[in-house]
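Coordinate inspection notes
What follows is the residue order along each chain.
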Amino acid sequence: TAARRVAGGDINRALLVELAGGRRLFVKHRPGAPAGAFRAEADDLAWLAAAPGGPRVPEVVAVGQDPVPFLALEWVAPGAPGADRDARLGRELAALHRAGAPRPGRDGDNWIGSLPQPNAPCADWPEFFAERRLRPLVARTVAEGRLPAAARSAAERLTARLGDLCGPPEPPARLHGDLWGGNAMTGPDGAPVLVDPAAYGGHREVDLAMMRLFGGFPPAVFAAYDEAFPLAAGHEDRVALYQLYPLVVHVALFGGGYADRFMAALRRYAG
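Throughout this description, residue numbers start from 1 for each chain and increase along the sequence as written. Side-chain atom pairs in this predicted model are given and counted only at pLDDT of 80 or more, local residue features only at pLDDT of at least 70, and totals for whole chains, interfaces and linings cover all residues. With hydrogens and water excluded, all non-hydrogen atoms of the structure serve as input to the side-chain values.

1. Observations regarding the pattern of salt bridges
By definition, a salt bridge exists where a carboxyl oxygen of Asp or Glu is found within 4 Å of a side-chain nitrogen of Lys or Arg. Summed over the entire model, instances satisfying the criterion amount to 16 salt bridges. Here Glu-74 and Arg-56 are joined by a salt bridge, their closest N and O atoms 2.9 Å apart. One end of the pair, Glu-74, is in strand S5 (residues 70–74); the other, Arg-56, is in the loop between helix H1 (37–49) and strand S4 (60–64), and 18 residues separate them in sequence. Exposure is judged per residue with a 1.4 Å probe applied to protein chains only, and the accessible area is read against the type maximum: over 50% gives exposed, under 20% gives buried, and values in between give partly exposed. You can call Arg-56 partly exposed: its relative accessible area is 32%. Elements are defined by DSSP. Helices are runs of H or I of four residues or more, strands are runs of E of two residues or more, and each kind is numbered from the N terminus.

In structure tokens form, the structure reads like this:
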């Protein structure tokens, strides 16, 4: 019965749509969106929603192609954070990670921002991190001139060392995959709501490292997480390692100063 434009981020357009019965939906859409992109996001949301005790995510209402590719979600009205919002986010994120994944990766590929994200399984986490996350994007950004040629050789040195750098082996966690501050909103009840995932099975420190990359998450979140699901020894030394992937994603999408930041972290671990 009504529709109006609302903010849709850097990639998609969005509408607040009101149905005849009064229900309101958030409809994100984009002409020319890659085939399957919105279906992959819907599958990501459903996978996260299935984690017992995990954070709330918007309910998927519909995915379609006509008149343009779109994803319709329940409308989550923004609210003021409740007194326990940060601690709750930490505990619920721990529950999401504990829900786990059968293996590193997913059965299907998805997207992070507008970039395809390959998820074909590998034998273990270090191999997955090398072959499905770092190598493809380093090669792409060097080829596009967004990173210097030296990034390729440094990435090869790094990936050869990942077995020693990635930390003690853990069961794959169920990751949100794109957990910056803008993707953790507060719902009308004051509780956290996670949106816009790029989900896969991987090392849980990946989500936590990205949360620290651009800020937006207070110490109470990490304290509650560590109380619910203590981190392995040496995790502080791995924060910058696991920030390499979101940094090279930002190099591929935006270029600019992200390249210098990525190269500094890459050289730190490449040896």
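After that view of the structure, there is still more to cover.
2. Re the packing of aromatic side chains
A pair of aromatic rings is counted whenever rings of Phe, Tyr or Trp (Trp by its six-membered ring) have centres within 6.5 Å, and the orientation is called stacked for planes under 30 degrees apart, edge-to-face for over 60 and tilted otherwise. The full count for this structure, using the stated rule, is nine aromatic pairs. Three or more aromatic residues joined by ring pairs make a cluster, and in this case those are Trp-125, Phe-128, Phe-129, Tyr-200 and Tyr-242. Remark: a charge is flagged as sitting over a ring if the NZ atom of Lys or the CZ atom of Arg is within 6 Å of the ring centre and within 35 degrees of the ring normal. The side chain of Arg-98 reaches across the aromatic face of Phe-229, ending 3.9 Å from its centre. Between the NZ or CZ atom of Arg-106 and the centre of the ring of Trp-47, over which it lies, the distance is 4.3 Å.

3. What to know about the pairing of strand S2 (residues 13–18)
Remark: a regular strand shows side chains that alternate across the two faces of the sheet. Pairing analysis gives five bridges linking strand S1 (residues 2–6) to S2, with the strands arranged antiparallel. Within S2, the residue paired with Arg-5 across the bridge is Leu-15. Pairing between two strands requires that DSSP report at least two bridges joining them. Adjacent in sequence and paired antiparallel, S1 and S2 are bridged by six residues, among which Gly-9 carries a positive phi angle near 85°. Taking the residues that link successive antiparallel strands as the turn, the S2-strand S3 (residues 24–29) hairpin has five residues, and the phi of Gly-22 there is positive, at about 100°.

4. Quick word on H1
Between its first and last C-alpha, H1 extends 19 Å over 13 residues, near the 18 Å set by a 1.5 Å rise per residue. Buried residues of H1: Ala-37, Phe-38, Ala-40, Glu-41, Ala-42, Asp-44, Leu-45, Trp-47 and Leu-48, and no others. Here, expected helix span is obtained from the residue count minus one, scaled by 1.5 Å.

5. Things to note about the pairing of S5
Counting buried residues along S5, five of its five residues qualify, which places the element largely inside the surrounding structure. In the sheet, S3 pairs with S5 via five bridges, with the strands oriented antiparallel. Among the inter-strand pairings, Phe-26 is bridged to a residue of S5, identified as Leu-73. Here S4 runs beside S5; their pairing, made up of four bridges, is antiparallel. By the bridge assignment, Ala-62 is partnered in S5 with Ala-72.

6. What about the packing of helix H8 (residues 244–254) against helix H9 (residues 258–270)?
Geometry is summarised by axes, namely lines fitted to C-alpha atoms with helices restricted to the contacting stretch, and by angles between N-to-C directions that run from 0 to 180 degrees. Where H8 meets H9, the axes come as close as 9 Å, and the angle between the chain directions of the two elements is 150°. In this view, H8 runs roughly antiparallel relative to H9, as classed from their interaxial angle. Considering the relative orientation of H8 and H9, their crossing is left-handed. Contact residues: H8 offers Leu-244, Leu-247, Val-248, His-250, Val-251 and Phe-254, while H9 offers Tyr-258, Ala-259, Arg-261, Phe-262, Ala-265 and Leu-266. When residue character is reported, Ala, Val, Leu, Ile, Met, Phe, Trp, Tyr, Cys and Pro are called nonpolar, Asp, Glu, Lys and Arg charged, and the others, Gly included, polar. Among the residues making up the contact of H8 with H9, the classes are represented as 10 nonpolar, one polar and one charged. Here the word oblique covers every angle except those under 35 degrees (roughly parallel), over 145 (roughly antiparallel) and from 65 to 115 (roughly perpendicular). The sense of a crossing depends on the near helix, which, turned anticlockwise from the far helix by less than a right angle, makes the crossing left-handed and, turned clockwise, makes it right-handed. Contact between two residues is taken to exist if any of their heavy atoms lie within 4.5 Å; hydrogens are not considered.

7. Quick look at the nonpolar core
We call a set of buried residues a nonpolar core when its members are Ala, Val, Leu, Ile, Met, Phe, Trp, Tyr or Cys and they connect through side-chain atoms within 4.5 Å of each other. Within the largest apolar cluster, 44 residues are counted, with the highest numbers of intra-cluster contacts made by Phe-129, Leu-147, Leu-158, Leu-241 and Phe-262. Contributions of two or more residues to this core are made by helix H3 (125–143), helix H4 (150–165), strand S8 (173–175), helix H5 (205–213), helix H7 (239–242), H8 and H9. If one sorts the elements of this core by residue count, H3 sits on top with eight residues. If sequence neighbours within four positions are ignored, Leu-158 has contacts with Leu-134, Leu-165, Leu-241, Leu-244, Leu-266, Tyr-269 and Ala-270. Counting residues in hydrophobic clusters, the runner-up holds 28 residues, among them Ala-33, Leu-71, Leu-73 and Ala-101.

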